[in-house]
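Coordinate analysis (summary)
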Amino acid sequence: MSEVTVERWLKRAFWAAGIVFVAIGVVGWYDRLRFGHLDAAYGSIVPWGLWVAAYIFFIGLSAGSFLISSLVYVFGVKRFEPIGRIALFQALITLTLALLAIWVDLGHMGRAFNVYRYPNFSSPMAWMIWLYSAYFALLATELWFLLRRDLAAGAQGSGGRARLYRVLALGTKDTSFEAAEKDRKVVKVLATIGIPIAIMFHGGVGALFGVVSARPGWNSGLFPILFLLSALVSGGALLMLVAAIFQGGYRRNGDTIVALGRLVAGLLVLDVIFQISEYLIASYGEVPGHVEGLKLMFSGPYWWVFWGWQLALGTIIPLVILFSRRGRQPLWAAAAGGLIALGFIGVRLNIVIPALATEEIEGLTTAIVSSRISTDYFPSLMEWLVVVGIAGLGLLLFGLGESLLPVDRAAEQAGPADTAEVDHVRV
Amino acid sequence: MSAFTNTATADTPGVAVSLRSRRGRVRPGADGPSMDRRQFVDRLAAMGATGLAAVLASGGVGGAVLGATRPAAAEAVTTGQKYRYGMVIDTRRCVGCKACMAACKTENVTPPGVSYTVVVEEHNEQAFDRPLFMTKPCFHCSNPPCTKVCPVSATFKREQDGIVVVDYDRCIGCRYCITACPYGARYFDFGEHYPATEPGQALAELPSPEYGQYRVRREGASPVGNVRKCTFCMHLQDAEGRYSKEEGRWPACAKTCTGHAIHFGDLNDPDSEVSILLRERQAVRLKEELGTEPNVFYLL
Ligand code: SF4
Ligand code: SF4
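These remarks concern the structure in this document. Everything numeric here is computed off the predicted structure, so don't read it as measured data. (Residues numbered from 1 in each chain as written. Chains lettered and ligands numbered in written order. Predicted model: local features only at pLDDT ≥ 70, side-chain atom pairs only at ≥ 80, totals over all residues. Heavy atoms only, no water.)

**Brief notes about the overall build of chain A**
Regarding its fold elements, chain A presents 15 helices and zero strands. On C-alpha atoms alone, chain A measures out to a radius of gyration of 22 Å, which is about the 22 Å that the 2.2 N^0.38 rule sets for 427 residues. Seen along its three principal axes, the alpha-carbon backbone of chain A occupies a region of about 70 × 50 × 40 Å. Across the 427 residues that make up chain A, the buried fraction comes to 57%. Look at the contacts in chain A between residues 6 or more apart in sequence, and 79% of them connect residues 24 or more apart. About 17200 Å² of surface is accessible on chain A, with carbon and sulfur atoms providing 71% of the total. (Helix = DSSP H or I, 4+ residues; strand = E, 2+ residues; numbered from the N terminus. Rg over C-alpha atoms; globule rule 2.2 N^0.38 Å. Buried < 20%, exposed > 50% of the residue type's maximum accessible area, 1.4 Å probe, protein only. Contact = heavy atoms within 4.5 Å. Areas by Shrake-Rupley, 256 points an atom, 1.4 Å probe, with all protein chains shown as cover.)

In structure tokens, the structure reads:
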């Protein structure tokens, strides 16, 4: 297979996946909107399930890719310059997906706005929503300044794309070098402000779980740190895969992918050490409520999520690839990145569910005969379909944005002249 | 793990101290804000600075202020806490008949999967020579972790009687409070029905007297999609916030208990049955180590 065909094949697979996912996701969304939570499998013992796991998965991707884009725009790391824009765009899309996932989880979706009307700032969840709003605005603004010059330049022609760019450029026309320099400064300021926000909200997601002293499996000071670390790992890993398909693909971004692979591998090792520390301390303590969750994770009915999905697929195999000679080949590295990102779905499931799936008072689940009062939880078909739909929407939004917006070039290459060239490369 | 494993007993300093120190002690936040502060907050809210008002309100007093201005708070008493309702449950008297569960279901018209009280069974041959039964409502903790985590202050502890309630119209159904309650006292209403309460059946139209709101369950409308919990049958209080055993205005579980195991009353009143029992018998509370300070005690 020639290189061009590999790339074309990857893109086709991407679009096909997006369309298929959305198509089957619609069924799940219909069910959810029509019948509420009736067809969801969680209950009052395990009140959070797949959707909350999906939410922390996506929000981690967002925080991670944002922080990596900041390496470029705040710290001027040249190595990652070619993927700076796509990283930022990925952060925006995954944030949207995270919000969708947590929104669909609400018992009353129509009341989501209550978090603005009646915020209770002693709740980490209220903090999260407010920080997300700030972050969303910041991401959108930063991305706009990053693209402004290209939008203004692209708006000068005729045709649909130019018209779209005219709208998106919001009336700015200045494509001079000075204006671009000014944009860059704004971007730097925004990206700098964004770093503490990203750390706060993602550390905060960890805290959202960490503060719950009723659930020993969550109640750990390590959680916020672990969340930040795993955000960087998962966000970076997904970025490797994305960079192999988009903005010129793995041939153009090869070196960047390999470099990112090294960073991700290092951080993943650190993440694993943190997790081992968490598990060992908990097992040694033998506090029943805590150990039960771990036992469930290691040897419960869904043991394979930990051993197969999270450990083998998401950690060991990709680490072996990245630390071997293959790690220097962009396609292999990108595949490893994809595996790590995928494996993190397992990590997220194992954070949310086992800690909940224990009786808080012994005998609770046998006192009432109800499937809602049970420690056993496996996501229902409807729950899966809803998540598949969200993921599919993400793929389509990302694909559309990537092909319509000038996200695919590093800032200094900008200019109307190379649009054609890049379009050509993209095939 | 036995439900009693991690609890202090009356002869350990834990309970004795907390019992004594609670009497007459003013718990921060329980006494409510001063009138001035409340008016200030209200005025802010009226000026449209709801966000700021809410921030002020949530500083230290949780949802109490906001709660006091809502109908669910039912005639908020502005003079601070009057009653501290609680239960003393005698496990020696409980025969495990589950009449309390049935009475609660009938009183509050709760759907499948929602039981404000449950009777759990304990078979621990080493500790007890007979099975131990324990009915478990919401403990209306003095320091409830469930209200603290609610992002919209939909669930809060009423300052006038210490009852932990849920404002169904504000609750967004995020279920964070379920994860935070260490006692499994909260239930999500999934919108399910018993065969006899399926839409179309006569019983489907039976309203629940909860919070004095008389809601009929409808698809997609509160309380479906909300978190629900025991209210100590708050709707049976009179305008002054008092219950009356003689008039039958008494929590359904306590009223129906065949073994007379459930004692209910005002823990602030030294002459109430519950206070007397706590003085005379050895009481424990569950998961004392979490600092939730439950207002439901168990006699062993
Ligand atoms: S028992 Fe649970 S629901 Fe009731 S007040 Fe305590 S923490 Fe809240
Ligand atoms: S489910 Fe309702 S009461 Fe519970 S934390 Fe969420 S909004 Fe508050």
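**Digging into a positive patch on the surface**
There is a patch of like positive charges on the surface, built from Arg262, Arg325, Arg326 and Arg328 of chain A. According to the relative accessible area criterion, Arg326 of chain A is partly exposed, its value standing at 42%. (Patch = residues over 30% accessible without salt bridge, like charges linked within 9 Å, V, L, I, M, F, W, Y side chains within 5 Å. Salt bridge = Lys/Arg side-chain N within 4 Å of Asp/Glu carboxyl O. Lys, Arg positive; Asp, Glu negative; His and termini not counted. Charge placed at Lys NZ, Arg CZ, Asp CG, Glu CD.)

**A word on the side chain of Lys157 of chain B**
Residues and elements named next belong to chain B. Relative to the helices and strands, Lys157 resides in strand E4 (residues 155-157). A polar contact of 3.1 Å, which involves the side chain of Lys157, links it to the backbone oxygen of His140. In this structure the side chain of Lys157 is engaged in a polar contact, spanning 2.9 Å, whose partner is the backbone oxygen of Cys141. (Polar contact = N/O pair within 3.5 Å; in protein donor to acceptor, adjacent residues only side chain to side chain.)

**A closer look at a nonpolar patch on the surface**
All names here are of chain A. A surface patch of nonpolar side chains, about 360 Å² in accessible area, is lined by Val269, Leu270, Ile273 and Phe323. Checked against the element boundaries, Val269 lands in helix H9 (residues 249-285). For Val269, a relative accessible area of 32% puts it in the partly exposed group.

**Some points on the pattern of salt bridges**
Residues and elements named next belong to chain B. Evaluation of the coordinates by the stated rule reveals 19 salt bridges over all chains. A salt bridge links Glu288 to Arg285; its shortest N-O distance comes to 2.8 Å. When salt bridges with common partners are traced through the structure, they connect Asp189, Glu210, Arg217 and Arg228 into a single cluster.

**Observations concerning the environment of Ser244 of chain B**
Following the sequence through the fold, Ser244 of chain B ends up in the loop between strand E7 (227-229) and helix H8 (252-256). For the pair Ser244 of chain B and Gly265 of chain B, spaced 21 residues apart in the sequence, the C-alpha separation amounts to 9.7 Å.

**Describing the nonpolar core**
Grouped together as the largest cluster of nonpolar side chains are 191 residues, with contacts concentrated most on Trp48, Tyr55 and Phe209 of chain A. Once residues within four sequence positions are removed from consideration, Trp48 of chain A is found in contact with Asp105, Met125, Leu208, Phe209, Trp218, Val352, Ile353 and Leu356 of chain A together with Cys174, Arg175, Tyr176 and Thr179 of chain B. In this structure, Val88, Leu267, Leu277 and Leu299 of chain B belong to the second largest nonpolar core, which totals eight residues. (Core = buried A, V, L, I, M, F, W, Y, C linked by side-chain atoms within 4.5 Å.)

**Here we look at the sheet that holds strand E9 (residues 283-284) of chain B**
All names here are of chain B. Reading across the sheet, the four strands line up as E8-E1-E10-E9 and stay open at both edges, with mixed pairing between neighbours. Strands with a single pairing partner mark the edges of an open sheet, and in this sheet they are strand E8 (262-266) and E9. Here strand E1 (residues 85-90) pairs with E8 via five bridges, running antiparallel. The residue of E8 that forms the bridge with Gly86 is Gly265. Docked against the sheet, helix H9 (residues 273-280) engages E1, E8, E9 and strand E10 (296-299), running at close to 115° with respect to E8. (Pairing = 2+ DSSP bridges. Axes fitted to C-alpha atoms, helices over the stretch in contact; angles between N-to-C directions.)

**A few points about the site of ligand 1**
Around ligand 1 lies a shell of 14 residues, among which Cys138, Phe139, Cys141, Cys146 and Cys181 of chain B are the nearest. Taken together, the residues of the shell around ligand 1 sort by class into eleven nonpolar, one polar and two charged. (Near = heavy atom within 4 Å. Nonpolar A, V, L, I, M, F, W, Y, C, P; charged D, E, K, R; others polar.)

**Section: helix H11 (residues 303-323) of chain A**
Residues and elements named next belong to chain A. Ala312 marks where H11 bends most, by close to 45°. Within the span of H11, buried status applies to Val305, Phe306, Trp309, Gln310, Gly314, Thr315, Pro318, Leu319, Ile321 and Leu322. Lining the buried residues of H11 we find helix H8 (222-245), H9, helix H10 (288-299) and helix H12 (330-356). (Bend = angle between axes of the 7 residues up to and from the residue.)

Any functional reading would require information that these geometric values do not contain.
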